[in-house]
Amino acid sequence: MQRMAAADALSYWMAPIIPNDQFAVYVFAHREVDDPRVLAAWLAARAQRVRDLRLRVLDVPLTLDRPYWVTTDVRAEQFVVDDVARTWQQCLAALAQRMSDQLDPTDMAWRVHVFAPVSGVPGTPHEYSQPGEPISGCGGPTPAADSDAGVVVVLQISHALGDGRRTAEIARELFGTRVFGAEPRRSVTRAAPDSALRVGSALLGAARFPGQFASMVARGAVAWRRHRVAPVEHGGGVALSRVNKPSGRSRTLRTLTVERRTLRIGGCGVTVGALVAISLALPRFLADVDDRLVVELTVARSPRRGTRNNFRNVGIDLRVDEPDLCERARRIAADIDTARRCDDDPTRVASRAATAATPAALTRWGIAHFDPEVVPERVTGVTVVSSVDRGPADLMLDGRPVLATAGFPALSPVQGLTHGVHGIGDRVTISVTTSPEVCPDVDAYLAGLSEAIDRLARAGSDNAVRAGRAGSEPDRARSEGNSATRG
């Protein structure tokens, strides 16, 4: 039994108000003899040995304390098998329908969806974002053979169990090459039933309350004093656009998969490259952006022991007024670095400490009074962008190599369009999540995003050529040429 961290408890309590389950998609190569039920059984055997996949939530009566993580068994109903032959886009449509079925972490904190066979999957010679339309950089007719087919595994996971990085680590254990030992002991042999655990945790929470309340007051006073000396600057946000409205229950999913090098520009990483591409496509799509476009980017914090959600959302100006794309990339990268450094500001640290010390009952009371239907006048950014590098492409599904990965950040009452940027190995997938109520013309935006990525690749290539020519000049320092090559 482990007490939930404050940030994780907040995510758990907010989920019924703003659904936040994560859907981590992994695409694997297909074999003609594939039986998705056999693959589900293989996944179940692996999951039984992954510690994080043997957890569920135990609520404390009267919210006298934050919830606890308790050990449980992997159950057959946590694996949903779909053996209907589908295209990649049809698979995404089926997944979109399932997104409304959110998890109850007190029953199960995760679920796996297996789709096989799926044709036209990312990472194959013939991959499609929409039926009949090739993804940028890929083309040709769909072959009759299984060379473009794959198995799609979706890990649906409660956000309380982990943020994007933690979910990627869990998936690495599930699909990794680690050889597990003996069968784990069944948790049903646990001596204390849930009723006894609830009583014990409630008594412990009641005993902890006075000290925690005093800690909240003391830390709050420290945060207030620091704020008076050095106030934290908060961006004023941006005006609502046509995509900043309630999205309803339906979801629309689209993806573009490219080689990692395609998104590298100005010596910056994949996240910045994706933001530059969005800066080219989104203003034209929205048609109401003048000289400033700000997005809400998830920025990772340093890992903290016992905390599964270590990130914050910041507004990043995409510098649409800068015509040079390489310079635009560098300015965006500088803004992201500044946001990371600001997170370590003593005033912010003191404020987070005071929030973490708040007794569970008070936090839960505040959440209960949150009204998601109240629309603010301004938002942090017109769209949310979440970027996670899921590591090298060495994952396997019972011997089948991984081809690509994707993710679909949740929508909210004021965010009807989100982007995911997820890479594994040399491939990166940019995903778009929206709804028919917000973006009935999402395919037009996807086409614009594809064109933007092509333009980005050309700009990066031209910049590399110019850098190579500059480095070859006799009076140019050798170190400058080497620096350009590394970028």
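Note that this is a predicted model, so its numbers are computed, not measured. Every chain's residues receive numbers from 1 upward, in the order its sequence appears when written. Local features in this predicted model are restricted to residues of pLDDT 70 or higher, and side-chain atom pairs are both shown and tallied only at a pLDDT of 80 or more, whereas totals for entire chains, interfaces and linings draw on every residue. Calculation of side-chain values draws on the structure's entire complement of heavy atoms; hydrogens and water are dropped beforehand.

Participant: Would you take a moment to explain the pattern of salt bridges for this structure?
Facilitator: Opposite charge on two side chains makes pairing possible when the charged atoms of those side chains draw close. In the sections that follow, a salt bridge refers to a side-chain nitrogen of Lys or Arg positioned within 4 Å of a carboxyl oxygen of Asp or Glu. As enumerated under the stated definition, the model contains 28 salt bridges in all. For R51, the salt bridge identified is with D52, shortest N-O distance 4.0 Å. Buried, partly exposed and exposed residues are distinguished by accessible area as a fraction of the type maximum, computed with a 1.4 Å probe on protein chains only: under 20%, between the cut-offs, and over 50%, respectively. Take D52: its relative accessible area is 6%, and that puts it in the buried class. Notably, a salt bridge pairs R340 with D337, separated by 3.6 Å at the nearest N-O pair. A residue pair is termed a helical-turn pair when its members lie 3 or 4 positions apart in one helix, as R340 and D337 do in helix α7 (residues 325–342) at three residues. Via salt bridges that share partners, R51, D52, R166 and R308 belong to a single interconnected network. Here a strand is any run of E in DSSP of at least two residues, a helix any run of H or I of at least four, and the numbering for each starts at the N terminus.

Participant: Mind showing me how you'd approach the packing of helix α1 (residues 6–14) against helix α9 (residues 360–368) here?
Facilitator: The geometry of a pair of packed helices is captured by two quantities: the angle between their axes and the separation between those axes. In this analysis, axes come from line fits to C-alpha atoms, helices being fitted only over the stretch in contact, and the angle between any two N-to-C directions falls in the range 0 to 180 degrees. Two elements in contact, α1 and α9, have axes whose closest approach is 10 Å; the angle formed by their N-to-C orientations is 35 degrees. With respect to the hand of their crossing, α1 and α9 are arranged in right-handed fashion. Across the interface between the two elements, L10, W13 and M14 from α1 touch A360, T363, R364 and I367 from α9. Following the grouping adopted for this structure description, the nonpolar residues are Ala, Val, Leu, Ile, Met, Phe, Trp, Tyr, Cys and Pro, the charged ones are Asp, Glu, Lys and Arg, and the polar ones are all others, Gly among them. Here the contact of α1 with α9 is composed, by residue class, of five nonpolar, one polar and one charged. The handedness criterion is simple: a crossing whose near helix is rotated anticlockwise from the far helix by less than a right angle is left-handed, and one whose near helix is rotated clockwise is right-handed. Contacts were defined at the residue level, with two residues in contact if any of their heavy atoms lie within 4.5 Å.

Participant: Even after reading the chapter, I still don't get the sheet that holds strand β19 (residues 418–424), so can you show me in this structure?
Facilitator: Across the sheet, six strands lie side by side as β12-β20-β19-β16-β13-β14; this open sheet has mixed pairing. Each edge of the sheet is formed by a strand with only one pairing partner; in this case those strands are β12 (252–259) and β14 (311–317). Each neighbouring strand pair of the sheet contributes to a mean axis angle of 25 degrees, computed without reference to strand direction. What makes two strands pair is DSSP finding at least two bridges between them. Both β19 and strand β20 (residues 427–434) contribute to a ladder of seven bridges, which runs antiparallel. Bridge assignment links G420 to a residue of β20, and that residue is S431.

Participant: Would you mind showing me how to read the nonpolar core here?
Facilitator: Considering soluble globular proteins, one finds that nonpolar side chains tend to be buried as a cluster. We define a nonpolar core as any set of buried Ala, Val, Leu, Ile, Met, Phe, Trp, Tyr and Cys residues linked to one another through side-chain atoms lying within 4.5 Å. With 54 residues, the main nonpolar core has L282 and L449 as its most contacted residues. Breaking this core down by element, the ones donating at least two residues are β12, α6 (270–286), β13 (294–300), β14, α7, β20 and α10 (442–472). The element best represented in this core is α6, accounting for 12 residues. Once residues lying within four places of it in the same chain are set aside, the contact partners of L449 are L256, A277, I278, A281, I430 and V432. Core analysis: the second largest hydrophobic core is formed by 41 residues, W13, A109, L174 and L397 among them.

Participant: Is there a simple way to explain unusual backbone geometry in this structure?
Facilitator: Glycine aside, residues mostly have negative phi, and peptide bonds are mostly found in the trans state. In the segment running from A116 into P117, the intervening peptide bond is cis, with an omega of -5 degrees. Within the fold, P117 resides in strand β7 (residues 110–119). Look at T63: it is not a glycine, yet its phi comes out positive at around 50 degrees. Among the secondary structure elements, T63 is positioned in the loop between β3 (55–58) and β4 (68–71).

Participant: Looking at this structure, I do not really get the packing of helix α5 (residues 194–229) against helix α8 (residues 346–356). What am I missing?
Facilitator: Contact geometry for α5 and α8: axes closest at 8 Å, N-to-C directions at 160 degrees. In terms of axis orientation, α5 runs roughly antiparallel to α8. For α5 against α8, the interelement crossing comes out left-handed. Contact residues: α5 offers Q212, M216, R219, G220, V222, A223, R226 and H227, while α8 offers P346, T347, A350, S351, A353, A354 and A356. Classifying every residue of the contact of α5 with α8 gives eight nonpolar, five polar and two charged. Oblique is the label for any angle not under 35 degrees, not over 145, and not in the 65 to 115 range, which are roughly parallel, roughly antiparallel and roughly perpendicular in turn.

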